[in-house]
Amino acid sequence: MNRFQRLFASRWGLLVIYLAFLGAYLGASGGRLRQHSQYNHFVYLAEGWLKGRLDMPVPPPNENDWARVEVLHLKDGRTLKGMFGKIGPTDRFYPLRGPSLTIDNEQIASRSDIRYVSFPPFPAVVMLPFVAVTHLKFNDVLFTAIWAAINPVLLFLLLRRLRDRGYSKRSVADDLWLTVMFGVGSVYYFSSVIGQVWFTAHVIGVTCAIGYAWASLDAVHPMLAGLCVGLGYATRPAMGFMVPFFVFEAVRATGGWDRLLKWRKEGLPRGLLPKLVRFAIPAGAVLAVLMVHNYLRFEQFGEIGHKYLNIGWQDRIQRWGLVNYHFLSRNLTCALLLLPRIMAQYPFIKVSEHGMSMLVTTPALGYTVAPAERSPLARGLWLSILTTALPSLLYQNSGFQQFGYRFSLDYIVFLVMLLAVGGRKFTWLFKVLVIFGVAVNLFGAITFDRFGGVFAYSDTFFPHGNN
């Protein structure tokens, strides 16, 4: 082991990685670090808990993605909670539970509303100790950047674990290339430098994905894997669907699929059921807490509150629902095909507010489809990518507003793992693609949501209303 390898096998090497990425994130954050973002929803959620409330303790500072439940006090003495429809008859009221009703103004004695943060609550749990000290002044931009720098370190440790367990032949230098590709050569970069509820959730969700992948290898730590899935779901609901990798690893560790398919004759493989049960217990416990949290606010165990978001495309949600095949073609285009506009005059480049293709922001990911070696991890990883990506591909929102397809952060850890175990040599072309991705995402980290939007355009190919 040479000096370079010894450095990154030590705590000092991990500190170097952390400080390098922290510098990249703080540097790109710049003036944003002076105060919290205007969309610090998790801070309001935590502040409400500290005051013993599940709704917002004060009115929202703006009208972007806060859930609004209308409260009607009727002249006949009834009190109804819910929302009026945005499509069809304007006097149609949809209560939290039960069938819709026709309510006209003459029936209403008074009306008010209750505001909630409908985003899954785990990031607010993490922020809670800090919010207890600084309350609504808590700086989510600084918090997100500091937390974000942890993930490249954890990813590097995961990549070394792949090598230690014999699944990867990558050198320390190779794993550092992959870490750089993730940390500053993907949409993780711009997501780490602006705070805001959506991007903070992505950063914390990546931590859950790395913990899940680490614990799932050879199904060695089923309870930790289950906990990470549960917390991932409590951060980004799509991440609750990354279960297949652990299942594949549990089956492989207990005899493989050939052995499992003989279960009627030979019984279940020894050790498989205990691993699955230990995995399910913490995941189920987190899910149960979330369901109670949902019920106490919206009177339904499965309602997180997103359908009550006070947003411009509420009519779209009521027409198609939060998840629908109707949105698939638009979202696939955003994920894989959407390109920037190149112009002959300033600002020379403009990016759609729906973002850009993953193959533009991180072109080295193209190597995932051309592995040189067949890895026993590949099937589980690909299936987890598919199941985790699908909810977002069917979701009513493309990720708007974004620099690149930010929903890819739900499964980017698995894509990096595929590059690690694929065995294809990291040639000069691969490294050029990584460097290109770094340049693209540095541009995004600096310009996104800045300079009066001069580098962004509203893409009329993707209208926002009923579509």
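> Please explain unusual backbone geometry as it appears in this structure.
Apart from glycine, the bulk of residues carry a negative phi angle, and the bulk of peptide bonds sit in the trans form. Note that the residue after Y346, namely P347, is joined by a cis bond; omega there is 10 degrees. With respect to the helices and strands, P347 occurs in the loop between β6 (341–342) and β7 (349–352). F400 connects to Q401 through a cis peptide bond whose omega is 0 degrees. Residue position: Q401 is located in the loop between α18 (378–393) and α19 (412–421). Positive phi values are uncommon outside glycine, yet H135 reaches one of about 60 degrees. Here H135 shows up in the loop between α4 (122–134) and α5 (140–148). Overall, the relative accessible area of 36% leaves H135 in the partly exposed class.

> Help me out: how do you make sense of the packing of helix α6 (residues 150–164) against helix α7 (residues 172–184) in this one?
Each pair of packed helices can be described by the angle between their axes along with the distance between the axes. Following both chains from N to C, one finds α6 and α7 inclined at 145 degrees, their axes separated by 9 Å at the closest point. Between α6 and α7 the crossing geometry is right-handed. Side by side, α6 and α7 meet where N151, P152, L155, F156, L159 and R160 of the first sit next to V172, D175, L176, L178, T179, F182 and G183 of the second. Of the residues belonging to the contact of α6 with α7, the class tally is eight nonpolar, three polar and two charged.

> Just to check I follow, could you spell out the sheet that holds β6 for this structure?
Think of a sheet as strands paired side by side through backbone hydrogen bonds, with each pair either parallel or antiparallel. Across the sheet, three strands lie side by side as β6-β7-β8; this open sheet has mixed pairing. Each edge of the open sheet is held by one strand with a lone partner, namely β6 and β8 (456–457). Here two bridges tie β7 to β8, and the two strands are oriented parallel to one another. The residue bridging S352 from the neighbouring strand is Y457, located in β8.

> Honestly, the nonpolar core in this entry has me stumped. Any pointers?
In summary, soluble globular proteins display a tendency toward joint burial of nonpolar side chains. Formed by 118 residues in total, the largest nonpolar core has its most connected members in Y25, L162, Y212, V413, F414 and M417. In terms of residues, this core owes the most to one element, helix α9 (residues 197–216), which gives 13 residues. Within the second largest apolar cluster, nine residues are counted, among which are A67, L96, I114 and Y308.

> Honestly, the side chain of N331 in this entry has me stumped. Any pointers?
Position of N331 relative to the elements: it lies in helix α16 (residues 328–336). The residues touching N331, leaving out its near neighbours within four places in the chain, are S392, L393, L394, Y395, N397, S398 and Y405.

> Is there a simple way to explain the sheet that holds strand β2 (residues 79–84) in this structure?
Taken together, five strands build an open sheet; the order of strands is β4-β3-β2-β1-β5 and the sheet is antiparallel. Lying at the two open borders of the sheet, with one neighbouring strand each, are β4 (101–102) and β5 (108–116). For strand β1 (residues 67–74) and β2, the ladder comprises four bridges, and the chain directions are antiparallel. Bridge assignment links V71 to a residue of β2, and that residue is K81.

> For this particular structure, what's the right way to read a nonpolar patch on the surface?
A cluster of nonpolar side chains, contributed by M223, W263, L268, L273, V277 and I281, occupies part of the molecular surface with about 580 Å² of accessible area. The element contributing the most residues to the nonpolar patch is helix α14 (residues 272–298), with three residues.

> Can you walk me through the side chain of R316 in this structure?
Here R316 lies in helix α15 (residues 314–320). Judged by relative accessible area, which is 3%, R316 ranks as buried. Within the structure, R316 has its side chain in polar contact with the side chain of Q396 (distance 2.8 Å).

> Please clarify how helix α10 (residues 222–233) should be interpreted in this entry.
Residue pairs three or four apart in sequence face the same way in an α-helix, which turns once every 3.6 residues. Here α10 contains twelve residues, and its C-alpha end-to-end distance of 17 Å stays within 8% of the 16 Å for a straight helix at 1.5 Å per residue. On its buried face, α10 is in contact with α9, α11 (244–253) and α14.

Reading guide: rules and limits
- Residue positions are given per chain, counting from 1 as you read along its sequence in written order.
- In keeping with the model being predicted, local features are shown solely for residues with a pLDDT of at least 70 and side-chain atom pairs are shown and tallied solely at 80 or more, while totals for entire chains, interfaces and linings include all residues.
- As a rule here, side-chain values come from all non-hydrogen atoms in the structure, and water together with hydrogens is ignored.
- By the criteria applied, helices consist of DSSP H or I runs no shorter than four residues and strands consist of E runs no shorter than two, each listed in order from the N terminus.
- Note on exposure labels: buried denotes an accessible area under 20% of the residue type's maximum, exposed denotes more than 50%, and partly exposed covers the range between, all computed with a 1.4 Å probe on protein chains only.
- The convention used is that axes are lines fitted to C-alpha atoms, helices contributing only their stretch in contact, and that angles between N-to-C directions extend from 0 to 180 degrees.
- Handedness of each helix crossing follows the sense of rotation of the near helix against the far helix: counterclockwise by less than a right angle gives left-handed, clockwise gives right-handed.
- Should any heavy atoms of two residues lie within 4.5 Å, those residues are considered in contact.
- Following the grouping adopted for this structure description, the nonpolar residues are Ala, Val, Leu, Ile, Met, Phe, Trp, Tyr, Cys and Pro, the charged ones are Asp, Glu, Lys and Arg, and the polar ones are all others, Gly among them.
- DSSP bridges decide pairing: two strands pair if at least two such bridges lie between them.
- For our purposes a nonpolar core is just a set of buried Ala, Val, Leu, Ile, Met, Phe, Trp, Tyr and Cys residues, chained together by side-chain atoms within 4.5 Å.
- Residues enter patches when their relative accessible area tops 30% and they take part in no salt bridge; the joining distance is 9 Å for like charges and 5 Å for the nonpolar side chains Val, Leu, Ile, Met, Phe, Trp and Tyr.
- In this description, accessible areas are obtained by the Shrake-Rupley approach with a 1.4 Å probe, and a residue is regarded as covered only by the protein chains that are shown.
- What counts as a salt bridge is simple: a side-chain nitrogen of Lys or Arg found within 4 Å of a carboxyl oxygen of Asp or Glu.
- We define a polar contact as two N or O atoms separated by no more than 3.5 Å, with the added condition that, inside protein, one atom must be a possible hydrogen donor and the other a possible acceptor, whereas residues neighbouring each other in sequence contribute only through side-chain atom pairs.
- Multiply 1.5 Å by the residue count of a helix minus one, and that product is the helix's expected span.

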